[in-house]
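Descriptive analysis of the structure
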Amino acid sequence: MPRINVLPKNIADLIAAGEVVERPSSVIKEFLENSIDAGSKNITVEIKNGGKTYIRVTDNGCGIEKEDVKKAFLSHATSKINSAEDLDNIGTLGFRGEALASVAAVSKVELLTRTENEEVGTSYKIFGGEEVELTEAGCPVGTTLIVRDLFYNIPARMKFLKKDVQEGNYIASILENIAVSYPQISFKFIRDGKLNFSTPGDGDLKSAIYAVFGREYTEGLLPVQYEANGITVTGFTGKPTAGKGSRSGQHFFVNGRYVKSPMCITALETAYKNSIMVGKFPPCVIFINLPFSAVDVNVHPAKTEVRFFEEKKIFDAVYQGALNALTYDTRPKAAFSVAKAFMPEAVKGEQLKLTETPEKVESESRTAVATEEKKEFKYEIKSSLVKESLTTPKPETVKPSKISSKLTLNSNEEKSIDFLETEYVKPTEKKLNISIINTVPSSADELSKPEEKILIKETKESDVVKEDATPSVDFRIIGEAFKTYIFVELEDKMLMIDKHAAHERILFEKFKAQNISYQQMLLVPVTVSLSPDEYNAVLENTELLYKAGYEVSDFGDRCIKVNACPTELIGEDISTLITEIAGYLASNVRTIMPEKLDWIYHSMACRAAIKAGNTTTDLEIERFVKELLSRDDIRYCPHGRPVIVEVTKRELEKQFKRIV
Ligand code: ADP
Ligand code: MG
């Protein structure tokens, strides 16, 4: 480590001012950063009473030379920067040269340190900023800092500290974030005499995450690896089924530093749109690396806030990184934490003994931090940031080519499952296809006498030639339970499919993939009376509605006329649907276009999908399962509920105690 210089006043002033020591966790953060900057491989943190009475940080880093020891405790004394230019290229965690001085001013500090080149180490005691003792001492290479009785000389500050548990939790949270961002360093955390966690320091991020956040958290993760525009995004992000009740499981790091960034949260959560349940938040441990000059770390003294110079690029990188990761997701597994055996009446009373017990839950110490993280989250999505990302076409977009010529007006009729006819459109010569459609009367008095017309429409051959090009999957349908769940045997697994959720998702994807949804003219146009707001909102969005398959026009007197609706919705109560959409449009005036469309597609898919409880024929089930299993992108319904849950043969054998 270079020698220590006292910063000239002008540089000191350049550095954002601020309180360094606010609570015990600020001491820990500063000390840990110093230990990391010193190149340590092992770092132990021990605290008592939430760090209020005792903090010890021991490392095996480079140590401080005897003649630099006193200097290290002077304000603005640092070995990490020399000049103002260095501020633009900060590669170390600390750089303000304030920590040791500030901590020593408000507590009783003992330092024990030795460098490699020294035979004997140094012991230094400084209480309330006053030197107490400087002596030689025998110790290993590295540094130990002990802080006792924080704020003993400013009782007013002490009053602002929370209870020991809470302060201890703040420390745990800081240590957790640092431990996962340095998997090559082994961290030990001892809290009131008990080992809280210890990371192996083997350089493997997943093993560090496991050691810190536990098994359940780690098992719900998918790897992230993305690079664009000189920005790399790595780490892990949660499977949609591993969504948590708060954002406390989200950890972002910029150039190795833990940051709180509403923009990153929004980018991450945008990637989970339509695949995570409402009210659930994806956990993540995501590292964003970018040139040091592209980020300003000098924004806030606590250094958890950052300012990016090119927000849009970072947003895109996080969003795309998470989106790519989600393609590695597998089907959710059926959870058999407590095995329940079916018992025929005859053997009731003769209790079966089952050995399986639920997995251990997470440690109690995190609860307070979690509550803290639940605080209000505010980040206004800049439409320019999201818009482009949302409209970026997905690589596997499927183009359906089916034109439906069904015209069913009987709303009691049960809906049959509709399929994407083919994903493999053959480019062939054009053909003329003749279909009969009902045209719409142009004025109100014509409403009563709809006329039929023959319309000649130009279509591609692929529109009319039906082709069964779905890749073959070897499966066997076992049956359907409760008119809701379809059971399928596939290789060594049994799949349980929620038919409504699956169909809803298939339709949703289909609507999204079409540039304009296919419309069916209504035999009798529907007029809908709306509130002034809704009425205006609909008329302002006629183009959007047209894209979604609705043709609407002004009918005057706060009424609109629906002339055509998406083919899939024939037979549904159009008036209710339009009122629902109008209500949404009126209260989401400022929502961006792709989001509005998504919402409308949701509502369409939900209505058009086969309902749980409806009868489905064997043939329909077979075609449906075939379609579903050939589509790897169908995993969750648009509300984030899983579509397929699988049980392996092995799992079943375990349940029946054939194997252990
Ligand atoms: P900064 O980290 O901003 O430079 P600090 O007040 O935290 O300022 O530390 C002052 C100096 O003390 C550091 O620049 C470093 O040279 C030295 N130092 C502090 N802690 C350690 C440590 N654990 N190992 C080696 N050197 C340290
Ligand atoms: Mg420091």
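Heads up: the structure comes first, above all this text.
Since this is a predicted model, take the numbers as computed values, not measurements. Residue indices begin from 1 for each chain and proceed along its sequence in written order. Here every chain gets a letter starting at A, and every ligand a number starting at 1, in the order they are written. Predicted model: local features are reported for residues with pLDDT of at least 70 only, side-chain atom pairs are reported and counted for 80 or more only, and whole-chain, interface and lining totals are derived from all residues. To get the side-chain values, all heavy atoms of the structure are used, and hydrogens and water are removed first.

1. Looking at the nonpolar core
Stated precisely, the cut-off is as follows: Residues belong to a common nonpolar core when they are buried Ala, Val, Leu, Ile, Met, Phe, Trp, Tyr or Cys residues joined through side-chain atoms within 4.5 Å. Accessibility here uses a 1.4 Å probe with only protein chains present; expressed as a share of the type maximum, an area under 20% marks a residue as buried, one over 50% as exposed, and anything in between as partly exposed. Elements are defined by DSSP. Helices are runs of H or I of four residues or more, strands are runs of E of two residues or more, and each kind is numbered from the N terminus. Contacts between residues were defined by any pair of non-hydrogen atoms, one from each residue, lying within 4.5 Å.
In terms of nonpolar packing, the biggest core is built from 53 residues, with F73, F187 and I209 touching the most fellow members. Of all the elements, helix α6 (residues 164-181) adds the most residues to this core, at seven residues. Sequence-distant contacts of I209, defined by excluding residues within four places in its chain, comprise V180, G214, Y217, T218, L221, F236 and V285.

2. Examining the pattern of salt bridges
Between side chains of opposite charge, a pair can form as their charged atoms come close. Condition: Between Lys or Arg on one side and Asp or Glu on the other, a salt bridge is scored when a side-chain nitrogen of the former is within 4 Å of a carboxyl oxygen of the latter.
Counted under the stated rule, the structure contains 23 salt bridges. The salt bridge partner of E480 is K499, with a shortest N-O separation of 2.6 Å. Of this pair, E480 sits in strand β20 (residues 475-481) while K499 sits in helix α14 (residues 499-513); the two residues are 19 residues apart in sequence, bridging distant segments of the chain. The class of E480 is partly exposed, set by a relative accessible area of 28%. Exposure remark for K499: the relative accessible area of 0% places this residue in the buried category. For the salt bridge of E580 with R607, the shortest nitrogen-to-oxygen distance reads 2.7 Å. Taken together, the residues span a long stretch of sequence, with E580 in helix α17 (residues 574-587) and R607 in helix α18 (residues 593-608) at a distance of 27 residues. Via salt bridges that share partners, E22, R23 and E167 belong to a single interconnected network.

3. Remarks on the packing of α17 against α18
Note the threshold: What counts as an axis is a line fitted to C-alpha atoms, over the stretch in contact for a helix, and the angles between N-to-C directions run from 0 to 180 degrees. Our angle categories are set so that under 35 degrees counts as roughly parallel, over 145 as roughly antiparallel, 65 to 115 as roughly perpendicular, and the remainder as oblique. Handedness of a helix crossing follows the sense of rotation of the near helix relative to the far helix, less than a right angle counterclockwise being left-handed and clockwise being right-handed.
Put simply, α17 and α18 touch, their axes get as near as 11 Å, and they point 155° apart. Classified by the angle between their axes, α17 and α18 sit roughly antiparallel to one another. For α17 against α18, the interelement crossing comes out right-handed. Here T576, L577, E580, I581, Y584 and L585 of α17 lie close against α18, whose contacting residues are E595, K596, W599, I600, S603 and R607.

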